[in-house]
Amino acid sequence: MGGCVLLKEFPVAFVERRWTSPDGLSLFARDYAPGPGVARPPVIAIHGLTRNSADFEAIAPLLAQSDRRVLAVDVRGRGLSDRAPDPMTYTPEVYARDVLALMDQAAIDRAIFLGTSMGGLITMALTAIRPKAVVAAILNDIGPEVATEGLARIASYSGQPVEIETWADAAAYARRINGVAFPHYSDADWDGFARRIFRQQPDGEIGLDYDPDIAVPIRAAGAKALVPNLWPDFRRLARKKPTLLVRGGNSDLLSAEIADKMKKAAPSMAYVEVPGVGHAPILDEPEARSAIFEFLSEVQ
C-alpha cells in the first residue's frame, strides 16, 4: 500500500514499508523514494519519545526531492509499529538494533541519521554498535547530556492516560503540553499537531499514538533516567562523522550551556539555532531547513 502527504504544492508519495525486529516485532516506516538525480546515501529519520514518523512529514518530502531516499521510522511501540510485550525493551539500545535490522533487511549499508530528541540518542547508540553504518548525523535538539527540567517535563506526561473525545480536545492537549515550545502556533497548527500524535480508531475513539508502557523503563530507572551521560558516544560520533546540531532557541531540554559544551567537544560540528522555538524544532522552520540542506550538500 502507498500513502501520500501534501507539502504546499508538492504531492509526495511514500511507500509503507515493514520490517522485522531482532525479537520478532513487525515495525513500520514511511519510505520516500528519491528524485531522479544521482543516488546519494539515504536519510533515516528517527522521532522522539512519544512521537512517530509523522513528525517528518514536512522535511522528508523535501529531502526526497533533493535525491535522498528517506526512511522515517515508527520506533517500536509507536504509530503503526507493534507494541512490545516486554516494556523493558523500550530503550535506546534496543531501538538502535531495530533500526540496524531495517538497514540489513532493506540492503542499506550506510545512511545519514536524522534524530529528533530520543532519535538522537538512538543515533548515538547505533553509532557505538555499528559505526560504519553512519555516514553523518543530524541531532535535533538533543545531546549527550540533557537539562533535567526539560526531561522532567517530558516524563511528567509520557505514558499518562488522557481523556479525549473530539479532535478539539486533542488539539487542546497538544497545546497544553507543547505550547511553551511553539508560542506562535495558531489553532490550525495545533489541530495539525494533534493529528500527528493521536490516532482515531475505526470505532471513532481518539487516543495517543503510542504504547503507554514506553514510560516503564524511565520509571524503573528513577533519577538515573534524568541524567544520562552519553559524552563518549557523542565524541565518537561528532569527532569522526560529519554532524549537525539543531537547537531550539527556547529549548528546555538542550540548554545553551550544553550546546556550548558540545561545540567545544566537537569543534568541527555544524550548528544552527532556531529562534522562538523550544523542544524540539519541527524542521520546517527556515533556519533549520536551510542548515540541513547546506549540511547535506557536503555529504556524499
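Quick caveat, the model's predicted, so the values are computed rather than measured. (Residues numbered from 1 in each chain as written. Predicted model: local features only at pLDDT ≥ 70, side-chain atom pairs only at ≥ 80, totals over all residues. Heavy atoms only, no water.)

1. So, the pairing of strand β7 (residues 134-140)
Two faces make up the sheet, and in a regular strand the side chains alternate between them. Stated formally: Each residue is placed in one exposure class: buried if its accessible area under a 1.4 Å probe, protein chains only, is under 20% of its type's maximum, exposed if it is over 50%, and partly exposed if it falls in between. Secondary structure elements follow DSSP: runs of H or I of four or more residues count as helices, runs of E of two or more count as strands, with numbering from the N terminus. Two strands pair under a simple rule: DSSP has to find at least two bridges between them. When the strands point away from the viewer, a crossover counts as right-handed if the path from the first strand over the helix to the second runs clockwise.
Within β7, seven of the seven residues are buried, which leaves the element mostly enclosed by the surrounding structure. When strand β6 (residues 111-116) meets β7, the two strands line up parallel, connected through six bridges. Across the sheet, Ala-111 pairs through a bridge with Val-134, a residue of β7. On the question of chirality, the crossover connecting β6 to the parallel β7 by way of helix α3 (residues 118-129) is right-handed. In this sheet, strand β10 (residues 243-248) lies alongside β7 in parallel orientation, the contact comprising four bridges. Its bridge partner being in β10, Ile-138 is matched across the sheet by Leu-244.

2. Structural notes on the environment of Leu-151
Considering the arrangement of structural elements, one finds Leu-151 in helix α4 (residues 148-157). Judged by relative accessible area, Leu-151 falls into the partly exposed class, the value being 21%. In the structure, Leu-151 is positioned 85 residues away from Ser-66 in sequence and 34 Å away in space, judged by C-alpha atoms.

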